[in-house]
Amino acid sequence: MIDPNPDPKQTAILKSAWEAFARYGFRKTSMEDIARGAGMSRPALYLHYAGKEAIFRSLAQVYYDDAAESVERALQGAGPVPDLLAAGFAAQGGGIVQAMLTSPHGIELLDTGNAMAADIVEAGEARIAEVYADWLAREAQAGRIRLEGEARDMALTITAALKGLKAAVPDYADYTRRVAQLARLIGAGLSV
């Protein structure tokens, strides 16, 4: 859950870390780079985090917490099913996908996330899938969509497809085009 009263130092550290990781890549980013960007000394940074691995894991957790809540809000809107899915898919990616796909270190950051924060990624993807599953079940119950199979299975397919798109596209423009296309395809298949 997103903290309604975030610690300003924590926010500054995570913002600085993300900017440094996007600029230099995970391997070349130092704690000094992060501390400087956050406006603090390196020893002060170590009072908050043991190392850049812990910072990266925290960034992953913040992303998934925010993504799950953003998808849930987007799916609560009104409108045609393809439009709601497009809004949910866009909310899931948020600005982080754009930053990753426009960074020369995007693939490294994706790989780092999958290796260093695999447990967070797995739990986060499962949480987002549950948001989609709950929405699909409610929409099917209300007669607004037609499901072929279980809502949970469809939700897992959706999250797997979106996760795969991040690694399979050359740039952010192609990602947004394909995500919109995926929303139209799935939405058309679900519509009654």
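Residues numbered from 1 in each chain as written. Predicted model: local features only at pLDDT ≥ 70, side-chain atom pairs only at ≥ 80, totals over all residues. Heavy atoms only, no water.

This part covers the packing of helix α7 (residues 118-141) against helix α8 (residues 151-168). Between α7 and α8, whose axes approach to 8 Å, the crossing angle comes to 130°. Put simply, α7 runs oblique to α8. Handedness of the crossing formed by α7 with α8: right-handed. Here Val121, Glu125, Ile128, Ala129, Glu130, Tyr132, Ala133, Leu136 and Ala137 of α7 come into contact with α8, specifically with Ala151, Arg152, Met154, Ala155, Leu156, Ile158, Thr159, Leu162, Lys163 and Lys166. (Axes fitted to C-alpha atoms, helices over the stretch in contact; angles between N-to-C directions. Helix = DSSP H or I, 4+ residues; strand = E, 2+ residues; numbered from the N terminus. Parallel < 35°, antiparallel > 145°, perpendicular 65-115°, else oblique. Left-handed = near helix turned anticlockwise from the far one by under 90°. Contact = heavy atoms within 4.5 Å.)

Bringing α7 into the picture now. The end-to-end C-alpha distance of α7, which contains 24 residues, comes to 34 Å, matching closely the 34 Å that a straight helix rising 1.5 Å per residue would cover. Along α7, the residues classified as buried are Ile120, Val121, Gly124, Glu125, Ile128, Ala129, Val131, Tyr132, Ala133, Trp135, Leu136 and Glu139. Tucked inside the fold, the buried residues of α7 contact α4 (52-75), α5 (81-102), α6 (106-116), α8 and α9 (172-190). Where α7 terminates, the next one or two residues include Gly143, which has phi positive at roughly 80°. (Expected span 1.5 Å × (residues − 1). Buried < 20%, exposed > 50% of the residue type's maximum accessible area, 1.4 Å probe, protein only.)

Let us look at α6. Among the residues making up α6, those that are buried are Gly106, Glu108, Leu109, Leu110, Thr112 and Gly113. Considering only its buried residues, α6 is in contact with α1 (8-24), α4, α5, α7 and α8.

Note that every value here comes from positions in space, so none of it alone points to a role or purpose.
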